[in-house]
Amino acid sequence: MKLHGSIIVTYRCNARCNMCDVWKFPSKPADEIGVEVIRKLPQMFFANVTGGEPFARQDLPDIITELRKKAKRIVISTNGFFTDRIVTLCKRYPDLGIRISIEGLQESNDAIRGMPGQYERTQATLKQLQEMGLKDIGFAMTVQDKNYQDLVTLYKMARDLDYEFATATVHNSHYFHKWDNKVEKQEEVFAAFRALIAELLKSKKPKEWFRAYFNHGLINYIQGNPRFLPCEMGKDGFFVDPYGDVLAYNGMDEKMPMGNLKEQSWDEIWDSKRAQEVRQAVKNCKKNCWMIGSAAPAI
């Protein structure tokens, strides 16, 4: 089994995104997991470090140093605002992946993220990382009614700059403390996704063809249709939240911990009766998620 994990290192965040209220419920630094919890994690082929805003933690380099012993590949999801911290860490570990959340061109992005000047800041961060020679860098965009018109333009920008380009769409869960996210302008959003798919299929890179399939899955998700493939979260993938709780997935309506790494070992959690109950709940889950969030190994 190729296991992947998403490590939510904090719920603190300096962004004020319209599709996520996690910033209203920040974790306290004293309560957040440290290296002692990271040491308990299993071996993984991929780990995504996320938040909140991961770089809000000034001890993030210590977390990454330990996590590198556990995962073959690490990608950090960030809003790109803490440029100096990002650059310093990437100088230390130039094989890290960095995905910066950009929600469209400047006007759309800054409005959606509630951070005036964030667009220019993220562009400067990415440029600096590229000049340093980092290869695994790019954008991540959550498509919604307020930014679909920028989707293809942002993809072409990423392609021309040789950045990776990842997509998601708005969704609701306990993780985001949001229950009213919805795509109202469905036909317009679908048209934008189909235009993106057409661009991706022009590529000679098989990775772009997979991304085309992934974006077709996002259309399917918005339409409320069943998943193309069964959900394997809780088996092939997992989340750890800032408090040490091990979750199958962060997209469920209800938080359902398998156990807590501050109190238990990995094997005690992963092989427990409670873990089996959570996996059954995932199997019975009626949400038709299609790798809509950071559970997807950053493609």
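Note that the structure is a prediction, hence the values are computed from the model and not measured.

**Student:** Can you help me understand the packing of helix α4 (residues 106–113) against helix α5 (residues 118–131) in this one?
**Tutor:** Helices that pack against each other are described as a pair by the angle of their axes relative to one another and the distance between those axes. For the pair α4 and α5, the least separation of the axes is 8 Å and the interaxial angle reads 110°. If you check the angle between α4 and α5, you find them roughly perpendicular. The residues of α5 that touch α4, namely those facing Gln106, Asn109, Asp110 and Arg113, are Gln118, Tyr119 and Glu120.

**Student:** Where do I start with the sheet that holds strand β2 (residues 46–50) in this structure?
**Tutor:** For sheets, the rule is that strands pair by backbone hydrogen bonds, running either parallel or antiparallel. Across the sheet, which stays open at both edges, the nine strands sit in the order β6-β5-β4-β3-β2-β1-β7-β8-β9 with mixed pairing between neighbours. On the outer flanks of this sheet lie β6 (164–169) and β9 (259–260), each paired with one strand and no other. Where strand β7 (residues 237–240) and strand β8 (residues 245–247) come together, two bridges link them in antiparallel fashion. The residue of β8 that forms the bridge with Val240 is Val246.

**Student:** Can you help me understand the side chain of Arg99 in this one?
**Tutor:** Tracing the sequence through the fold places Arg99 in strand β4 (residues 97–101). Arg99 sits in the buried class, given a relative accessible area of 3%. Within the structure, the side chain of Arg99 is placed 2.7 Å from the side chain of Asp136, a separation counted as a polar contact.

**Student:** Help me understand the pattern of salt bridges in this model?
**Tutor:** In a structure, side chains of opposite charge can pair up when their charged atoms sit close to one another. Evaluated as defined, the whole model comprises 21 salt bridges. Between Arg57 and Glu32 there is a salt bridge, and its shortest N-O distance comes to 3.8 Å. With Arg57 in the loop between β2 and α2 (60–67) and Glu32 in the loop between β1 (4–8) and α1 (35–38), this pair connects stretches of sequence that are 25 residues apart. Owing to a relative accessible area of 7%, Glu32 belongs among the buried residues under this scheme. The partner of Glu66 in a salt bridge is Arg39, with the nearest N and O atoms 3.4 Å apart. With Glu66 in helix α2 and Arg39 in the loop between α1 and β2, this pair connects stretches of sequence that are 27 residues apart. If you follow the salt bridges from partner to partner, you end up with Lys156, Arg159, Asp160, Glu199 and Lys202 in one network.

**Student:** What should I look at first to understand the environment of Val282 in this one?
**Tutor:** Among the secondary structure elements, Val282 is positioned in helix α10 (residues 273–284). Under the relative-accessibility criterion, Val282 is labelled buried at 9%. Between the C-alpha atom of Val282 and that of Pro61, which follows or precedes it by 221 residues, the distance is 33 Å. Discounting chain neighbours no more than four positions away, the residues touching Val282 are Cys231, Met233, Ala248 and Met252.

**Student:** Can you help me understand α2 in this one?
**Tutor:** In an α-helix, one full turn covers 3.6 residues, which means residues spaced three or four apart are oriented alike. Taken together, the buried positions of α2 are occupied by Leu60, Ile63, Ile64, Glu66 and Leu67. Along the axis of α2, the buried residues cluster in a sector spanning 165°; they form a single face. Structurally, α2 contributes buried residues whose contacts are with β1, α1, β2, β3 (74–78) and α3 (83–92).

About the thresholds
- Residues numbered from 1 in each chain as written.
- Predicted model: local features only at pLDDT ≥ 70, side-chain atom pairs only at ≥ 80, totals over all residues.
- Heavy atoms only, no water.
- Axes fitted to C-alpha atoms, helices over the stretch in contact; angles between N-to-C directions.
- Helix = DSSP H or I, 4+ residues; strand = E, 2+ residues; numbered from the N terminus.
- Parallel < 35°, antiparallel > 145°, perpendicular 65-115°, else oblique.
- Contact = heavy atoms within 4.5 Å.
- Pairing = 2+ DSSP bridges.
- Buried < 20%, exposed > 50% of the residue type's maximum accessible area, 1.4 Å probe, protein only.
- Polar contact = N/O pair within 3.5 Å; in protein donor to acceptor, adjacent residues only side chain to side chain.
- Salt bridge = Lys/Arg side-chain N within 4 Å of Asp/Glu carboxyl O.
- Arc of directions from axis to C-beta.

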